[in-house]
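Reading the structure
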Amino acid sequence: MRRHLIAGNWKMNGLKVDGIDRVERLAAMAEASPPAAEVLLCPPATLVAVLREGAKESPIVFGGQDCHIRQNGAFTGDISAAMLADIGCSYVIVGHSERRRDHGEDDQIVAAKAAAAHDAGLTAIVCVGESKAERDAGRALDVVAGQVRASLPGGANAANTVIAYEPVWAIGTGDTATPGDVAQIHRMIRDLLEEMAPGQSQRFRILYGGSVNASNAAELLALADVDGALVGGASLDPDGFAAIVAAAAP
Ligand code: PGA
């Protein structure tokens with residue numbers, strides 16, 4: 001009932017020539033073997049329009065990596081959700097831990113960004129996850145629950161919002177959370193969503209992120225409450241990313 005979503009977050013990587021090459025290879029693989037999962041790429045915003053043009057015959061969809069809380073105005077250097085929608089994005093990641101850490105974004109800002117995404121007709125991928133110190137202190141469940149409660153705006157529903165659980169200590173480190181820990185956190189998030197949006201929790205997609213790769217994807221994606229993956233480093237290699245997409249097939 002929940003189609004897996006495999007999202008590639010390229011972060012600040014890739015010039016036009018690299019991006020076109022990656023997308024051409026992914027599009028060819030998707031054509032040869034149509035993916036069971038929904039496949040989303042979040043390249044740097046500078047590349048979305050050109051990459052989307054090259055992938056228009058493929059099932060690949062596109063998203064942004066961040067958006068502003070407003071749709072326009074005097075905010076030098078920022079990009080709005082409306083602008084992302086205008087160039088063909090259907091998703092935007094908000095509250096990634098690198099934004100929370102490097103740009104001081106707290107749950108209130110993340111909720112405002114998710115609301116801006118919804119207003120622009122985008123699905124918000126809201127990221128949450130505990131730090132190593134929080135996990136070691138036995139606070140992972142509490143921290144993540146607090147982030148989910150505070151980072152979802154009013155009006156968030158299973159159609160316009162995806163949650164991505166990304167333990168901060170697993171991002172870009174090669175360490176993944178154990179399947180048991182992932183299962184526990186995802187189940188807690190789904191229970192919490194039932195409280196926040198009664199009757200909808202079974203429809204929400206909850207992604208896992210943090211060093212997902214071609215070797216560990218199948219085990220993580222087989223967990224009952226894992227509805228896809230948010231993939232950073234491994235999404236830069238089309239063969240590896242395609243293997244993760246294939247692992248999501250039922
Ligand atoms: P990673 O990044 O796969 O490189 O750990 C995941 C993310 O930051 O979304």
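Residues numbered from 1 in each chain as written. Predicted model: local features only at pLDDT ≥ 70, side-chain atom pairs only at ≥ 80, totals over all residues. Heavy atoms only, no water.

**Quick look at the overall build of the protein**
Put simply, the rule reads: We count a stretch as a helix when DSSP gives it H or I for four or more residues in a row; a strand needs E for two or more, and each element gets its number in order from the N terminus. We compute the radius of gyration over the C-alpha atoms and compare it with the globule rule, which gives 2.2 Å times the number of residues raised to the power 0.38. Three labels apply to residues, based on accessible area from a 1.4 Å probe with only protein chains included: buried if under 20% of the type maximum, exposed if over 50%, partly exposed otherwise in between. Throughout, a contact is declared for two residues whenever any of their heavy atoms are within 4.5 Å. For every accessible area listed, the method is Shrake-Rupley and the probe measures 1.4 Å; residues are considered covered only by the protein chains on display. Here the positive residues are Lys and Arg and the negative ones are Asp and Glu; neither His nor the chain ends is included. Note that the charge is assigned to NZ on lysines, CZ on arginines, CG on aspartates and CD on glutamates.
In terms of regular secondary structure, the protein is built from 10 helices and 8 strands. For 250 residues, the compact-globule estimate of 2.2 N^0.38 gives 18 Å, and the C-alpha radius of gyration of the protein, at 17 Å, lies within 12% of that figure. By principal-axis analysis of the C-alpha atoms, the protein measures approximately 45 × 45 × 35 Å. Taken across its 250 residues, the protein has 53% of its residues classed as buried. Long-range contacts, defined here as pairs at least 24 residues apart, represent 72% of the contacts in the protein between residues at least 6 apart. When the accessible surface of the protein is summed, it comes to about 10,900 Å², and 52% of that surface belongs to carbon and sulfur atoms. Computed over 21 positive and 31 negative side-chain charges, the inter-centroid distance for the protein is 2 Å.

**Considerations on the environment of proline 167**
Along the chain, the position of proline 167 falls in the loop between strand E6 (161–165) and helix H8 (179–196). Taking the C-alpha atoms as reference points, proline 167 and alanine 82, 85 residues apart in sequence, are found 29 Å from one another. Not counting residues within four places of it along the chain, the set of residues in contact with proline 167 comprises Gly129, Glu130, Ala177, Tyr208 and Gly209.

**Section: the environment of arginine 149**
Among the structural elements, arginine 149 can be located in helix H7 (residues 140–151). The exposure class assigned to arginine 149 is partly exposed, which follows from its relative accessible area of 46%. Put simply, arginine 149 and lysine 16 are 133 residues apart on the chain and 38 Å apart in space, counted from C-alpha to C-alpha. Among all residues touching arginine 149, those that are not within four sequence positions of it are Leu192, Glu195 and Met196.

**Here we look at the side chain of glutamate 130**
Tracing the backbone through its elements, the reader meets glutamate 130 in the loop between strand E5 (123–128) and helix H6 (132–136). Leave out the neighbours within four places in its chain, and glutamate 130 touches Arg135, Ala140, Val143, Val144, Tyr165, Pro167, Val168 and Trp169.

**Some points on the pairing of strand E8 (residues 228–231)**
Applicable threshold: Any two strands with at least two DSSP-identified bridges between them are counted as paired.
Residues Gly228 and Leu230 of E8 are buried on one face, and the alternating residues Ala229 and Val231, pointing to the opposite face, are buried as well. In this sheet, E8 lies alongside strand E1 (residues 5–9) in parallel orientation, the contact comprising 4 bridges. Its bridge partner lying in E8, alanine 7 is registered against leucine 230. Both strand E7 (residues 205–209) and E8 contribute to a ladder of 2 bridges, which runs parallel. In the sheet register, tyrosine 208 faces E8, and the bridge partner there is alanine 229.

**Quick word on the site of the ligand**
What counts here: Here a residue counts as near a molecule or strand whenever at least one of its heavy atoms sits within 4 Å of it. Whenever a nitrogen or oxygen atom comes within 3.5 Å of another N or O atom, the pair is scored as a polar contact, on the condition that within protein one atom can donate a hydrogen and the other can accept it, and that pairs from neighbouring residues in sequence are kept only if both atoms are in side chains. Here the term charged refers only to Asp, Glu, Lys and Arg, the term nonpolar to Ala, Val, Leu, Ile, Met, Phe, Trp, Tyr, Cys and Pro, and the term polar to all other amino acids, Gly among them.
As a matter of local geometry, the ligand sits amid 13 residues, with Lys11, His96, Glu166, Gly172 and Ser211 nearest to it. Interatomic distance of 2.8 Å between a backbone N/O atom of glycine 233 and an oxygen atom of the ligand. When the ligand is considered free in solution it has 280 Å² of accessible area, and contact with the protein chains removes 95% of it. Looking at side-chain class alone, the shell around the ligand contains 4 nonpolar, 7 polar and 2 charged residues.

**Quick notes on the nonpolar core**
Heads up, the rule is: The set of buried Ala, Val, Leu, Ile, Met, Phe, Trp, Tyr and Cys residues whose side-chain atoms join them within 4.5 Å is what this entry labels a nonpolar core.
Judged by nonpolar contacts, the single largest core of 62 residues is most densely connected at Ile6, Ile189 and Tyr208. Those residues in contact with tyrosine 208, other than ones at most four positions away along the chain, are Tyr165, Pro167, Ala170, Thr176, Ala177, Val182, His186, Leu220, Val226, Gly228, Ala229 and Leu230. One finds Ala7, Ile125, Cys127 and Leu230 within the second-largest nonpolar core, a separate group that totals 12 residues.

**Regarding the pattern of salt bridges**
Selection rule: Any Lys or Arg side-chain nitrogen located within 4 Å of an Asp or Glu carboxyl oxygen qualifies as a salt bridge.
Enumeration over the complete set of coordinates arrives at 18 salt bridges. The shortest N-O distance in the salt bridge between aspartate 66 and arginine 99 comes to 3.3 Å. Of this pair, aspartate 66 sits in the loop between strand E3 (61–64) and helix H3 (81–86) while arginine 99 sits in helix H4 (residues 97–102), and the two are 33 residues apart along the sequence. Residue classification places aspartate 66 among the buried residues on the basis of a relative accessible area of 17%. Between aspartate 66 and lysine 113 there is a salt bridge; the shortest N-O distance is 2.7 Å. Of this pair, aspartate 66 sits in the loop between E3 and H3 while lysine 113 sits in helix H5 (residues 107–119); the two residues are 47 residues apart in sequence, bridging distant segments of the chain. Since its relative accessible area comes to 6%, lysine 113 is described here as buried. Connected through shared salt-bridge partners, Arg2, Arg190, Asp225 and Asp227 make up one network.

It is worth stressing that arrangement in space is one thing and function is another; only the former is reported here.
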